[in-house]
Amino acid sequence: MSRISSYIIREEQHYSFDQLKSILNFESDDQLKMFIDTLVGNRIMYQKDVNRKGELISSLKKDTYKMSYKLSFVGIIYFKEKIIYVYPKYFTVFASEQAENIISHMNLVMKVIKKYINSRAQNIDFFIDNEGSSNSLLSLYLFLLEDYVNNGVYQKVEEIAELNGHGDILWQRTVDIIQPFIKNGRPYYTDVFTTRRDTEKENIIREIHEIILTKCSNELRKLRLDTFFSIPYIEFTNKEFDDIGERDYILKLVEDELSITFDNKHQTLLKAIYQFVKNSNFKIGDKSIELLGTTSFNLVWEKVCSQVFGNQKDKRLVDLNILKKLKSNYVGNIKLFDLIEKPFWTAAGKTASKSLEPDTIVISNNNFIILDAKYYTPQLEKNKPLKGQPGIESITKQYLYQLAYQNFITENNFDSVKNCFLFPTSDSSVKNFGKVKLDMLSNLGLNDIDVRFLPTDKVYDCYLKNEKLDISFLDL
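Predicted model only: the values in this text are computed from it and were never measured. (Residues numbered from 1 in each chain as written. Predicted model: local features only at pLDDT ≥ 70, side-chain atom pairs only at ≥ 80, totals over all residues. Heavy atoms only, no water.)

**Some details on unusual backbone geometry**
- Phi is positive for Lys80, close to 50 degrees, though the residue is something other than glycine.
- In this fold, Lys80 is placed in the loop between strand 5 (74-79) and strand 6 (82-87).
- Of note in this structure, Asn365 is not a glycine but carries a positive phi near 50 degrees.
- With respect to the element layout, Asn365 can be found in the loop between strand 16 (360-364) and strand 17 (367-373).
- Owing to a relative accessible area of 69%, Asn365 belongs among the exposed residues under this scheme. (Helix = DSSP H or I, 4+ residues; strand = E, 2+ residues; numbered from the N terminus. Buried < 20%, exposed > 50% of the residue type's maximum accessible area, 1.4 Å probe, protein only.)

Printed below as a string of structure tokens:
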């Protein structure tokens, strides 16, 4: 029986070849080289020559031992009986006693990533990067098991029309077939057709589904990920696909069912069942590497902050409960975002379609608040070197967001304007790290930018529960 081992490694942390070999307990250099090669090829890992300064590269160098490696990925990697948790970079200090806390936090992080991906597109693949999706068997197994937890085993429901039943009345069928009696010029029906929904208990697709769920559950238990993802053990049957027929026959059964199914949930499930059967000759790990997570956690952080603080950028003015105080030249149907001026090109005589794009705008208690989620881990302590902070372009843009709304703010007498960067932290409370200022823009009457570090456990919990955080949480 295989021995699965778990390891923890930090996103964006630079490691030498020997450090990776030690941390991830690779027995041979060749095996680690294969691991690195696969991740570099998938743009999950980047590397640079430690003897040179310059840009990170994604192609393998000949002298592997002189390279520095970093993972631009948050999530789970499965490779050669190793479960590797790549935790977010805001856990800046790692000690062995933190391992349990980090894995617990990773459970929350994976739920956040999954919700973010599902909000963008209905996709059974859990790993999606900027260029598309992987064909991860592990993500397929998780989808099938979580779908079962939420929706149960596949059921084929047939709607049957019957006379004088207890379901909803089928008026069109009743009018077409039943002869009413007329009283005072009005038709009355003593008999009506009603609908009854019958669930077909003996269904070949259901049997296939139960075999698949049993296989998925057993495989996830072997990987010791069932507890991590809070998925109960499922054992429906001892049957195998061979008890039903050859693979091509089973695929044809699923295709036929899909062709007569119009329910979206059932269609998605049937496509997943089809993919499982199609890949039934493979097991997790056979395809070299399995990935669950994202290469774009910065976008996840932006989405999380936007949702929990109730982003109003795309709302119409009429929906902001401020219409009564607005000056008459502001049309109620216009969106807050559309108030930002767009560049005009005189030679072409045309206005560009895009302009400044702030992350999050919130109007609260007659205060105008501009928030920008920054997935950085800056070092801002006075007794340490300044590093890891957003660049000058981020700072100037944040000032310009206020400038873009300045006329609107002034003309409509908002009490105050707040500008704020939002950074993630593993701490348990909001941390106030002062402001960032640029005098040449402050002197124009623009507000300096507040700096807040937000407790990710709290913010993620609100995101997953669809709860809002009041703007007072930031203590601006």
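**Considering the packing of aromatic side chains**
- Per the counting criterion, the structure on display carries 22 aromatic pairs.
- When the ring of Tyr141 is compared with that of Phe276, the centres are 5.3 Å apart and the planes differ by 40 degrees; the resulting orientation is tilted. Here Tyr141 is found in helix 4 (residues 137-151), whereas its partner Phe276 is found in helix 8 (residues 264-278), with 135 residues between them in sequence. Of the two residues, Tyr141 and Phe276, neither departs from the other in class, the shared state being buried.
- An angle of 70 degrees between the planes, with centres 6.3 Å apart, marks the rings of Phe241 and Phe276 as edge-to-face. Pair noted here: Phe241 is in the loop between helix 6 (204-222) and helix 7 (247-259) and Phe276 is in helix 8, with a separation of 35 residues, a long-range link. Like Phe241, the residue Phe276 is buried in the burial classification.
- In this structure an aromatic cluster arises from ring pairing among Tyr87, Tyr90, Phe91, Phe297 and Tyr375.
- The residue whose ring lies beneath Lys82 is Phe26, and the NZ or CZ to ring-centre distance is 4.9 Å. (Phe/Tyr/Trp six-rings, centres within 6.5 Å; stacked < 30°, edge-to-face > 60°. Lys NZ or Arg CZ within 6 Å of the ring centre and 35° of its normal.)

**Thoughts on the nonpolar core**
- If you look at the biggest cluster of nonpolar residues, it comprises 78 residues, and the most contacted ones within it are Leu144, Ile208 and Leu225.
- Of all the elements, helix 3 (residues 99-120) adds the most residues to this core, at 9 residues.
- Beyond its immediate sequence surroundings of up to four residues, Leu144 is in contact with Ile212, Leu213, Cys216, Leu269, Ala272, Ile273 and Phe276.
- Listed in part, the 24 residues of the second largest apolar core include Leu24, Ile44, Leu71 and Phe73. (Core = buried A, V, L, I, M, F, W, Y, C linked by side-chain atoms within 4.5 Å. Contact = heavy atoms within 4.5 Å.)

**As for the sheet that holds strand 2 (residues 15-16)**
- Strand order across the open sheet formed by 3 strands is 2-4-3, with antiparallel pairing between neighbours. On the outer flanks of this sheet lie strand 2 and strand 3 (45-49), each paired with one strand and no other.
- As judged from the 2 bridges shared by strand 2 and strand 4 (residues 67-71), these two strands associate in the antiparallel manner. Each bridged residue has a counterpart across the sheet, and for Tyr15 the counterpart in strand 4 is Tyr69.
- Contacts from helix 2 (residues 29-41) reach strand 3 and strand 4, with the element oriented near 110 degrees to strand 3. (Pairing = 2+ DSSP bridges. Axes fitted to C-alpha atoms, helices over the stretch in contact; angles between N-to-C directions.)

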